[in-house]
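Single-letter residue listing:
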Amino acid sequence: MFSSYSWGQEEVLWEPDKRLYWSDFRGKVPVGAGAAATTASGISYQFSTSYKGNEMVVDYEVNAFFYPTKSWYKPNICNEATLVHEQLHFDISELFARHMRKKMAKARFTKNIKAEVKAIYRETLKELNDFQNRYDKETDYSRNIPQQKFWIQRIEKALNEG
């Protein structure tokens, strides 16, 4: 299962070689939680503007993060397959951070840049949430092994393509 957070007190930056371990999931399991685990991950951004002559220059950074204290699992029912499933949620967040970077690079901003960047962010978050939900549905939260394998290959390929 996936939860989206745009800002967190403690966060782990996505890196190509960073793999999650169950010890990274330090949140408390909510009472009555139906899921086996939840990966809290998401994207955050920051930007600044300056001017070169009359031209606005935009510097920005968009990153994917994992939030350990908001992520949890049930040790008695989770296994390595579940962990792989949860890792892919984090990897999917990185894919959408990349999508947002591309949107930012193509955008032509006006003096209304704050609202324009926020709109790009909101659109990207909606796409991210829809994609994460589709991933959970199609893999039946990791229980559909053939679909899980398909998604692993799909996400690895997308990450390798840049």
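Cut-off values and rules
- Residues numbered from 1 in each chain as written.
- Predicted model: local features only at pLDDT ≥ 70, side-chain atom pairs only at ≥ 80, totals over all residues.
- Heavy atoms only, no water.
- Helix = DSSP H or I, 4+ residues; strand = E, 2+ residues; numbered from the N terminus.
- Buried < 20%, exposed > 50% of the residue type's maximum accessible area, 1.4 Å probe, protein only.
- Contact = heavy atoms within 4.5 Å.
- Areas by Shrake-Rupley, 256 points an atom, 1.4 Å probe, with all protein chains shown as cover.
- Lys, Arg positive; Asp, Glu negative; His and termini not counted.
- Charge placed at Lys NZ, Arg CZ, Asp CG, Glu CD.
- Pairing = 2+ DSSP bridges.
- Salt bridge = Lys/Arg side-chain N within 4 Å of Asp/Glu carboxyl O.

Chemist: What should I look at first to understand the overall build of the protein in this one?
Modeler: Looking only at helices and strands, the protein has 3 helices and 5 strands in total. From first element to last, N terminus to C terminus, the protein shows the α and β order β-β-β-β-β-α-α-α. The principal-axis extents of the C-alpha atoms in the protein amount to approximately 60 × 30 × 25 Å. Expressed as a percentage of its 162 residues, the buried residues of the protein come to 41%. A separation of at least 24 residues holds for 79% of the contacts in the protein among residues at least 6 apart in sequence. As displayed, the protein has an accessible area near 9600 Å², and 51% of this comes from carbon and sulfur atoms. If you average the places of the 24 positive and of the 21 negative side-chain charges in the protein, the two averages end up 4 Å apart.

Chemist: How should the pairing of strand 4 (residues 55-66) be read in this particular structure?
Modeler: Within a regular strand, side chains alternate between the sheet's two faces. Inspection of the sheet shows strand 2 (residues 12-13) paired to strand 4 by 2 bridges, in the antiparallel sense. Within the sheet, the bridge partner assigned to Val12 lies in strand 4 and is Phe66. Here strand 3 (residues 37-52) folds back onto strand 4 in antiparallel fashion, the turn holding 2 residues, of which Gly53 has a positive phi close to 65 degrees.

Chemist: Help me understand the pattern of salt bridges in this model?
Modeler: Any two side chains of opposite charge can pair if their charged atoms end up close together. Applying the stated criterion across every chain, the model contains 11 salt bridges. The partner of Asp130 in a salt bridge is Lys126, and the shortest N-O contact between them spans 2.8 Å. Of the two residues, Asp130 and Lys126 both sit in helix 2 (residues 113-139), 4 residues apart, roughly one turn of that helix. Overall, the relative accessible area of 41% leaves Asp130 in the partly exposed class. Note that Lys157 and Glu161 form a salt bridge whose closest N and O atoms lie 3.9 Å from each other.

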